[in-house]
Amino acid sequence: MDILIALAWGLFAGSSLLIGATVGWFARPSPRVIAAVMAFGSGVLVSAIAFDLMDEAQEIGGLAASSIGFVAGAVGFTAGALLLARAGAHGRKRSSRTDASAATAAIALGSVFDGIPESIVIGLSLLEGEGVSLPIVAAIFLSNFPEGMSSSAGMKSSGLPARYVFGLWAGIAALCGLGSVVGYHFFAGVPQEYIAVAQGVAAGAMLAMIADTMIPEAFDEAHDAAGLITAGGFLAAFLLSHMFA
């Protein structure tokens, strides 16, 4: 039953890729709207990383385990992002990218690369038996939405059929659900230090992703408002985290 709960929350967080793809395909919102969502999601993610991932990782596994995981996650994400950029998936979360047709496979791989660590964290958050971490789910949902939106718009412009595009994003959303199951099932019963390392890896990868893709996009389009919107997202996640603590 708990595995099904983990699967459901992972699918919910991943579903925003498909929702974003639908909006991007049919509505094509302006880059400033996408940037505002990106800025708010950045603030939510930063808050979730600080208060729901690293703080908890330090408490359950110690400073060394959480720090080692954090560094490994940040380095791993950066190395992977460089490889994906060479394959054509640079800026895969950016609404201004228009060359989606040039590297559809790389973009899809990049989305999996972004989404799997995030979805594993959802499963990890269920291990304490106190329910899922709502700030983490909200943060992942918001960060996935503009990725699906901008990528599907570019794929549509390149002439790719709707069946292919929506099938692609539905498959990636399903993988996010499976990632949550992996986080819950394979880390159940392991020493707390291992869980702390896993949370640290996810936190480091997520923070590197925010700095690499989300914040630059938010600033490029929202300009001076980006900081205020990001702060609003941080405060919303902070309040949500402590209200349900």
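Residues numbered from 1 in each chain as written. Predicted model: local features only at pLDDT ≥ 70, side-chain atom pairs only at ≥ 80, totals over all residues. Heavy atoms only, no water.

Per the UniProt record, the feature "transmembrane region" (unreviewed entry) sits at residues 6–26, 33–51, 63–85, 164–188, 194–213 and 225–244. Taken end to end, residues 6–26 is 100% helix and 0% strand, and its first and last C-alpha atoms sit 31 Å apart. Span residues 63–85 is 100% helix and 0% strand, its end C-alpha atoms 33 Å apart. (UniProt positions renumbered as here; feature names shortened; annotations may be inferred. Helix = DSSP H or I, 4+ residues; strand = E, 2+ residues; numbered from the N terminus.)

Checked against the element boundaries, Ser66 lands in helix α3 (residues 63–87). Judged by relative accessible area, which is 1%, Ser66 ranks as buried. Among the polar contacts listed, one links the side chain of Ser66 to the backbone oxygen of Leu63, at a separation of 3.1 Å. When neighbours within four sequence positions are excluded, Ser66 is seen to be in contact with Met54, Ala57, Gln58, Ala196 and Gly200. (Buried < 20%, exposed > 50% of the residue type's maximum accessible area, 1.4 Å probe, protein only. Polar contact = N/O pair within 3.5 Å; in protein donor to acceptor, adjacent residues only side chain to side chain. Contact = heavy atoms within 4.5 Å.)

Following both chains from N to C, one finds helix α2 (residues 31–61) and helix α7 (residues 192–222) inclined at 160°, their axes separated by 8 Å at the closest point. Relative to α7, α2 is oriented roughly antiparallel. Crossing handedness for the pair α2 and α7: left-handed. (Axes fitted to C-alpha atoms, helices over the stretch in contact; angles between N-to-C directions. Parallel < 35°, antiparallel > 145°, perpendicular 65-115°, else oblique. Left-handed = near helix turned anticlockwise from the far one by under 90°.)

To continue, consider the nonpolar core. Formed by 29 residues in total, the largest nonpolar core has its most connected members in Leu45, Ile49, Leu53, Ile122 and Ile136. Those elements that place two or more of their residues in this core are α1 (2–26), α2, α3, α4 (104–125), α5 (134–157) and α7. A total of eight residues in this core trace back to one element, the largest contributor, which is α7. If sequence neighbours within four positions are ignored, Ile49 has contacts with Met54, Ala203, Met206, Leu207 and Ile210. In terms of nonpolar packing, the next biggest core, distinct from the first, is built from ten residues, Phe166, Leu168, Trp169 and Cys176 among them. (Core = buried A, V, L, I, M, F, W, Y, C linked by side-chain atoms within 4.5 Å.)

A separate point is the environment of Val112. Locating Val112 in the fold gives a position in helix α4. Spatially, the C-alpha atoms of Val112 and Ala173 are 8.8 Å apart, while their sequence positions differ by 61 residues. Ignoring anything within four residues of it in the chain, the contact list for Val112 reads Pro117, Ile172 and Leu175.

With that settled, consider α7. Of all the bends in α7, the greatest measures close to 40° and is centred on Ile210. Downstream of α7 by a residue or two, His223 has a phi angle that is positive, lying close to 55°. (Bend = angle between axes of the 7 residues up to and from the residue.)

Contact pair α1 / helix α6 (residues 162–185): the axes reach a minimum separation of 7 Å and the direction vectors enclose 155°. Comparing their axes, α6 and α1 come out roughly antiparallel. For α1 against α6, the interelement crossing comes out right-handed. A class-by-class count of the residues in the contact of α1 with α6 yields 21 nonpolar, seven polar and one charged. (Nonpolar A, V, L, I, M, F, W, Y, C, P; charged D, E, K, R; others polar.)

To continue, consider a nonpolar patch on the surface. Taken together, the side chains of Leu235, Leu239 and Met243 make up a nonpolar region of the molecular surface, amounting to roughly 320 Å² of accessible area. Locating Leu235 in the fold gives a position in helix α8 (residues 225–243). Leu235 gets classed as partly exposed once you look at its relative accessible area, which sits at 46%. (Patch = residues over 30% accessible without salt bridge, like charges linked within 9 Å, V, L, I, M, F, W, Y side chains within 5 Å. Areas by Shrake-Rupley, 256 points an atom, 1.4 Å probe, with all protein chains shown as cover. Salt bridge = Lys/Arg side-chain N within 4 Å of Asp/Glu carboxyl O.)

Let's shift gears to the packing of aromatic side chains. Within the structure shown, the criterion is met by six aromatic pairs. Judged by centre distance (6.0 Å) and plane angle (90°), the ring pair of Trp9 and Phe12 falls under edge-to-face. Linking Trp9 with Phe12, this pair stays in helix α1, spanning three residues, or about one helical turn. Here the aromatic rings of Phe26 and Phe166 are separated by 6.4 Å at their centres, their planes lie at 20°, and the arrangement is stacked. On the criterion of sequence distance, the pair formed by Phe26 in helix α1 and Phe166 in helix α6 is long-range, its members being 140 residues apart. On the basis of relative accessibility, which here comes to 18%, the residue Phe166 falls in the buried class. Among the aromatic residues, those joined into a ring-pair cluster are Trp9, Phe12 and Phe141. (Phe/Tyr/Trp six-rings, centres within 6.5 Å; stacked < 30°, edge-to-face > 60°.)

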